[in-house]
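Fold and contact review
For reference, the chains in residue letters:
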Amino acid sequence: MTISIPRSPYLQVDEEQGIFRVARRALIDPDVLKEEQETIFKKCWLYVAHESELKEPGQFVVRFAGGREIILNRDRKGNVNAFLNICPHRGARLCTERAGTTNNFLCYYHGWSFTADGRLRVLPDREQSFPPGFNNDGSADMVGVPRLDNYRGLYFVCFDRETPSLADYLGRAKPFIDDALDQGPEGMEVVPGTQEYSVKANWKLVTENGIDGNHAATLHVTYFQYLKSIHPDFEPLADSGGSTRRPVVGSTYDLGNGHVALEYAVPWGRVAGSWSPVMGKETKDDVEQVLRDNSERLGPERAERIAKNSRNLLIFPNLHIVDGTGLTLRVTHPDTAGNSFVSSSALGARGESEKLRRLRLQSFLEFLGPGGFATPDDIEALEQCQRGYRMNAEFAPWNDVSKGRLDASEWPQEEEGNIRLFWMEWARRLSGDRSAAPLAEASM
């Protein structure tokens, strides 16, 4: 298989030696972040909300996307809209609340008011002080985001009118999204409550971490020791010979456009239909009923795969759908070159029992919560990396991402092909080189 990479000063590749390196400067240089805002966050589709967060007319949420703050709402006609959170008059933020319900947006500064579909409604002193025909052209209405679309209730925005459609952009990632969204017969919904935290690390480091199948056995050893206490035959730790028995086994897949999926069989239970003793005996019948129901609805083979396997899906550039112990939508927002904000929400099946919902939230918090088995470990590791880059990148300038064959599109999960895919898409977009150069032509 021939792999093509972009020509980029941030990548160092040698096919014959099997070397793939990434410049650490890309993770600390503020000018790189400025380029990313223009070439990536302005031109890619960015996830902002799930339809269940806008169930009723008048509901709104305020979200960040590509360095911009936007309002998503459902108007009286039931349409979902996306507006910049700024008054067209003098630039005050229109919404200072994170979420709520309203049929009108009122600017607290000068009293301009807008309908839920963004039209200027009330203009103080309009007849006395403004010229006839003011706003006939709509220039004083709320400013809409250039593009808004959804795939199965996942809403995305895009600030570039030339970017391909959302359906084309998602491409081969859609079946993996379907595996997450088909877990409930009545669909899925965001469970109220969002976890938000900051990481003193570049957004790309956080993104790498979400699809890195190579760190779990060492960084999250406490979690695997906990699992071993429940499953005595489970052996995640290194043996006396120094080799590591992998706690989970799976593969990573190239889905195009920078999207990557990591799928692996797991020893822990999943609310999607795989019961484990740690869930408690009182949940066994409910969890096994989920598998029976999904088998009837989706077919036995697919239902079994959804139940038994975990999936980490990256929708480039910054959405992770983490379908592990819980089902999580996680978005990473760049703040500065050395700081990121992360927002995580749990998805649950509509209409599921209180017992399953409680179990789902417990699973979500246990591993990926701010005080869970994984998140504190990950944050500490990422922040230590960022500190190392900041202090030592001048004389130690490269990250190595060479593990695994360079000329493949599928890898064992412990290899680093998925990380390379992310960086190649990142470099293509930064350079504007969508054709890319053959890997063999790239020089060290």
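Residues numbered from 1 in each chain as written. Predicted model: local features only at pLDDT ≥ 70, side-chain atom pairs only at ≥ 80, totals over all residues. Heavy atoms only, no water.

1. Quick look at the nonpolar core
What counts here: Here the nonpolar core consists of buried residues drawn from Ala, Val, Leu, Ile, Met, Phe, Trp, Tyr and Cys, with membership extended through side-chain atoms lying within 4.5 Å. Partly exposed residues are those whose accessible area sits between 20% and 50% of the maximum for their type, while under 20% is buried and over 50% is exposed, using a 1.4 Å probe and protein chains only. Contacts between residues were defined by any pair of non-hydrogen atoms, one from each residue, lying within 4.5 Å.
Core analysis: the biggest nonpolar cluster contains 81 residues, and Trp423 and Trp426 have the highest contact counts within it. Setting aside anything within four residues of it in sequence, one finds Trp423 in contact with Leu11, Phe20, Val22, Ala26, Leu27, Lys204 and Glu208. Membership of the second largest hydrophobic core comes to 16 residues, among which are Phe60, Ile71, Leu94 and Cys107.

2. Description of the sheet that holds strand β19 (residues 327-336)
Which entries qualify depends on this criterion: If DSSP finds at least two bridges between two strands, the strands pair. Secondary structure elements follow DSSP: runs of H or I no shorter than four residues count as helices, runs of E no shorter than two count as strands, and numbering proceeds from the N terminus. Note on geometry: axes are lines fitted to C-alpha atoms, helical ones only across the stretch in contact, with angles between N-to-C directions running from 0 to 180 degrees.
Across the sheet, which stays open at both edges, the eight strands sit in the order β14-β20-β19-β18-β17-β16-β15-β22 with antiparallel pairing between neighbours. With one partner strand each, in any of the chains shown, β14 (188-199) and β22 (410-412) form the two edges of the open sheet. On average, adjacent strands in this sheet sit at an angle of 15 degrees to one another, irrespective of strand direction. The pairing of strand β16 (residues 260-265) with strand β17 (residues 309-315) spans six bridges and is antiparallel. Bridge pairing links Leu262 to Asn312 in β17.

3. Examining the environment of Ala346
Here Ala346 lies in strand β20 (residues 339-349). Ala346 sits 153 residues away from Gly193 along the chain, and the two C-alpha atoms are 8.2 Å apart. With residues near it in sequence (within four places) discarded, Ala346 still touches Glu189, Val190, Val191, Leu327, Leu361 and Phe364.

4. Considering the pattern of salt bridges
Where we set the bar: Within this document, salt bridges are pairs made up of a side-chain nitrogen of Lys or Arg and a carboxyl oxygen of Asp or Glu, the two lying within 4 Å of each other.
Using the criterion set out here, one finds 28 salt bridges in the structure. With a closest N to O distance of 2.8 Å, Asp182 and Arg302 form a salt bridge. Remark: Arg302 occurs in helix α9 (residues 300-308) and Asp182 occurs in the loop between α4 (174-181) and β14; sequence separation between them is 120 residues. Among the salt bridges present, the one from Glu189 reaches Arg357, with a minimum N-O distance of 3.0 Å.

5. Quick look at the sheet that holds strand β6 (residues 68-74)
Strand order across the open sheet formed by four strands is β7-β6-β5-β8, with antiparallel pairing between neighbours. Looking along the sheet, the strands with just one partner apiece sit at the ends: β7 (80-84) and β8 (99-101). Strand-to-strand twist across the sheet, computed as the mean angle between neighbouring axes with direction ignored, equals 25 degrees. The sheet contact formed by strand β5 (residues 59-65) and β8 spans three bridges and is antiparallel. Within β8, the residue paired with Val61 across the bridge is Ala99.

6. Describing the pairing of β16
The buried fraction of β16 amounts to five of the six residues, a majority that puts the element mostly inside the structure. Here six bridges tie strand β15 (residues 249-254) to β16, and the two strands are oriented antiparallel to one another. From the neighbouring strand, Gly250 faces β16, where its bridge partner is Tyr264. Where β15 folds back onto β16 in an antiparallel hairpin, the turn is made up of five residues, including Gly256, whose phi is positive at roughly 85 degrees.

7. Topic: the packing of helix α5 (residues 203-210) against helix α11 (residues 375-392)
Test applied: Each angle receives one of four descriptions, namely roughly parallel if under 35 degrees, roughly antiparallel if over 145, roughly perpendicular if within 65 to 115, and oblique otherwise. Less than a right angle of anticlockwise turn of the near helix away from the far helix marks a crossing as left-handed, whereas a clockwise turn marks it as right-handed. Each residue gets one of three labels, nonpolar for Ala, Val, Leu, Ile, Met, Phe, Trp, Tyr, Cys and Pro, charged for Asp, Glu, Lys and Arg, and polar for the others, Gly among them.
At a minimum axis separation of 10 Å, α5 and α11 run at an interaxial angle of 140 degrees. By the criterion of interaxial angle, the relationship of α5 to α11 is oblique. Helix-helix and strand crossings are classified by hand; for α5 and α11 the assignment is right-handed. On α11, the residues touching Leu205, Val206 and Asn209 of α5 are Asp378, Leu382, Cys385, Gln386 and Tyr389. Taken together, the residues of the contact of α5 with α11 sort by class into five nonpolar, two polar and one charged.

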